[in-house]
Amino acid sequence: MKLDTFYNQVDLYRKEKIVYAHFLKPHRTLATGRMHGGVHETLDYLINHQCCEPTKHSGIDLFDIIGTDPARYLKRITSKAGIESQQAAILNTAANMNNSAIQRAEYDGLEVVAVCTAGVGSNAGRAGDPASYQQTAEGYKPCGLPAPKAGTMITMLFINQELTPGALVVAATVATEAKSALLQELTAPSRYAGGIATGTGTDQIGIAALIATEVCHNDANKHCKLGELIGIATRGALQQALNLQCGMTPDSRRSSIIQLERFGETQEAFQQAIAARLPEAMQALFNNNFLSVNHDPVTVAAVQACVHLKDQINWGVLPKSCAKESLLYQAGLIARAVSGKQITPETFLNDWNVGDLADSNADFLQLIHQAFAHGFALKWQGRFED
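The structure reproduced in this document is the subject of the present report. Residue positions are counted from 1 within each chain, in the order its sequence is given. pLDDT decides what is reported in this predicted model: residues at 70 or higher carry local features, side-chain atom pairs at 80 or more are listed and counted, and totals for whole chains, interfaces and linings draw on all residues regardless. The side-chain quantities take in all heavy atoms of the structure and omit both hydrogens and water.

1. A short note on the overall build of the protein chain
Next up, step 1: Counting from the N terminus, the helices are the DSSP runs of H or I reaching at least four residues and the strands are the DSSP runs of E reaching at least two. Looking only at helices and strands, the protein chain has 11 helices and 17 strands in total.
Next up, step 2: Taking the principal axes of the C-alpha coordinates as reference, the protein chain spans close to 80 × 50 × 40 Å.
Next up, step 3: Going through the 386 residues of the protein chain one by one, you find that 48% of them count as buried.
Next up, step 4: By sequence separation, contacts in the protein chain at least 24 residues apart represent 71% of the contacts at least 6 residues apart.
Next up, step 5: For the protein chain, the exposed surface amounts to about 18,300 Å²; the carbon and sulfur share of it is 50%.
Next up, step 6: Asp and Glu are treated as the negative residues and Lys and Arg as the positive ones, with His and the ends of the chain left uncounted. Every charge is mapped onto a representative atom, which is NZ of Lys, CZ of Arg, CG of Asp or CD of Glu. Taken together, the 32 basic and 37 acidic charged side chains of the protein chain have centroids lying 3 Å from each other. Burial status follows relative accessibility: with a 1.4 Å probe on protein chains alone, a residue under 20% of its type maximum counts as buried, one over 50% as exposed, and anything between as partly exposed. Whether two residues are in contact is decided by their heavy atoms, any of which lying within 4.5 Å being enough. Only the protein chains shown count as cover for residues, and the accessible areas themselves come from Shrake-Rupley with a 1.4 Å probe.

So this is what it looks like as structure tokens:
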């Protein structure tokens with residue numbers, strides 16, 4: 001099925017688990033795939049293919065073929081799509097092709113179109129996180145960590161004016177920054193360490209720019225209009241794709257648990273820890289009204305502020321010597337928000353067991369649990385007394 005046409009020179013199609021772009025006139029391409037990766041000027045197609053399901057998909061040989069015989073993989077996929085030319089760059093993902101998103105950005109005759117799929121739930125990582133394998137002369141060698149799970153952000157960019165090879169590389173860096181900025185806004189957690197994700201471990205990109213146009217761009221940085229359009233189109237398409245594939249939106253991130261999950265929090269552990277600190281008569285009340293407490297905007301804001309302070313300490317912006325004082329005070333604001341009462345934060349801080357707030361995620365979460373429990377215990381206390 002034909003999905004769209006871009007600047008009269010690119011046709012976009014979807015067939016089964018494949019979304020592919022057909023170049024009607026020559027484009028200079030930059031792609032990260034194993035087959036026809038790098039810079040080329042003779043490709044006819046750019047392809048995005050769903051090679052597996054996101055979770056526990058076994059019994060298929062596509063993964064081995066992708067790594068060991070990429071030409072065979074390309075031939076198999078193009079055959080499925082009815083594509084005769086092997087002059088194609090192919091990207092692959094576990095995301096559903098029905099969740100592809102398209103975003104255009106235009107200015108004064110210059111057009112950039114982003115076509116993206118995006119899964120980020122289980123494979124999100126932060127640049128510099130511990131690796132799970134290394135490549136050696138004998139092949140891939142495990143590094144002792146579990147194998148990466150599914151989750152990939154695929155970006156395909158189409159530009160209606162020529163870019164030099166160097167400008168294509170700059171365009172790829174700007175698109176990558178747009179992706180990382182979006183993940184930061186969504187506070188997407190790294191699944192391999194405690195930071196905010198900058199991407200996934202298997203992200204891929206393909207960029208195609210029309211050749212022999214009146215304007216030839218020798219740069220695509222953030223100061224020029226081309227770089228701005230790349231950032232706008234990439235961010236817009238990825239934002240739509242994340243919503244379609246995994247329901248990740250700004251609204252879905254308004255949750256105290258979600259803000260805490262990169263420190264090891266789960267809903268079950270969160271509820272149990274708080275309920276255990278409440279009087280027995282209030283435990284069922286808290287659990288029955290958990291969703292309201294978890295999504296309360298003022299409470300989430302207080303949790304976000306506490307998490308930000310924790311990050312600033314981890315990054316060395318704030319010294320560890322101030323961790324206890326600053327995080328205790330902010331936890332008092334969480335308790336105040338949960339209670340809904342205009343009480344000074346210091347009211348909540350007596351006799352709290354805080355442990356090592358600078359370096360221990362477990363102690364940090366324990367502090368948050370105590371704050372929620374103190375706040376909820378006071379919420380209805382004396383509310384309607386004469």
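So that's the structure; there's more coming.
2. Some thoughts on the packing of aromatic side chains
Next up, step 1: Any two rings among Phe, Tyr and Trp, with Trp reduced to its six-membered ring, count as a pair given centres within 6.5 Å; such a pair is stacked if its planes are under 30 degrees apart, edge-to-face if over 60, and tilted if neither. According to the stated counting rule, one finds 10 aromatic pairs in the structure shown.
Next up, step 2: Arranged with centres 5.3 Å apart and planes meeting at 20 degrees, the rings of tyrosine 13 and tyrosine 20 form a pair that is stacked.
Next up, step 3: On the accessibility criterion, tyrosine 13 (23% relative accessible area) is partly exposed.
Next up, step 4: For tyrosine 20, a relative accessible area of 11% gives the class buried.
Next up, step 5: Summarising the aromatic geometry, the rings of phenylalanine 270 and phenylalanine 372 are spaced 5.1 Å apart at their centres and angled 80 degrees between planes, so their arrangement reads as edge-to-face. A residue pair is termed long-range when its members are at least 10 positions apart, and phenylalanine 270 in helix H6 (residues 267–276) and phenylalanine 372 in helix H11 (residues 361–379) qualify at 102 residues.
Next up, step 6: Overall, the relative accessible area of 0% leaves phenylalanine 372 in the buried class.
Next up, step 7: Through a chain of ring-to-ring contacts, three or more aromatic side chains come together here, namely Phe270, Phe286, Phe290, Phe372 and Phe376.
Next up, step 8: As a reminder, the over-ring test applies to NZ of lysine and CZ of arginine, requiring each to be within 6 Å of the ring centre and within 35 degrees of the ring normal. Stacked on the ring of tyrosine 107, the Lys or Arg lysine 225 has its end atom at 4.4 Å from the ring centre.

3. Structural notes on the nonpolar core
Next up, step 1: Residue types Ala, Val, Leu, Ile, Met, Phe, Trp, Tyr and Cys, when buried and joined through side-chain atoms within 4.5 Å, form a set referred to as a nonpolar core. Among the nonpolar cores identified, the biggest contains 38 residues, and Val112, Ile159, Leu163, Ile207, Leu226, Ile230 and Leu242 are the most heavily contacted of them.
Next up, step 2: Those elements giving two or more residues to this core turn out to be strand S8 (101–107), strand S9 (110–118), strand S13 (153–159), helix H3 (165–185), strand S16 (204–210) and helix H4 (225–246).
Next up, step 3: Residues contacting valine 112, with those up to four places away along its chain left out, are Gln103, Arg104, Ala105, Leu157, Phe158, Ile159, Leu226, Leu229, Ile230 and Ala233.
Next up, step 4: Among the nonpolar cores identified, the runner-up in size contains 37 residues, and Val307, Leu309, Ala337 and Leu367 belong to it.

4. Comments concerning the pairing of strand S3 (residues 18–23)
Next up, step 1: Judged by how many residues are buried, S3 sits mostly within the fold: 5 of 6 residues are covered.
Next up, step 2: In this scheme, strands are said to pair when DSSP sees at least two bridges between them. Bridge count for strand S2 (residues 10–15) against S3 is 6 bridges, and the pairing is antiparallel. Residue pairing across strands places aspartate 11 opposite histidine 22, the latter belonging to S3.
Next up, step 3: Where S2 hands over to S3, the hairpin turn is made up of 2 residues, of which glutamate 16 adopts a positive phi near 50 degrees.
Next up, step 4: Pairing of S3 with strand S6 (residues 45–50), which is carried by 5 bridges, proceeds in the antiparallel orientation. Across the sheet, the residue bridging to valine 19 is asparagine 48, located in S6.

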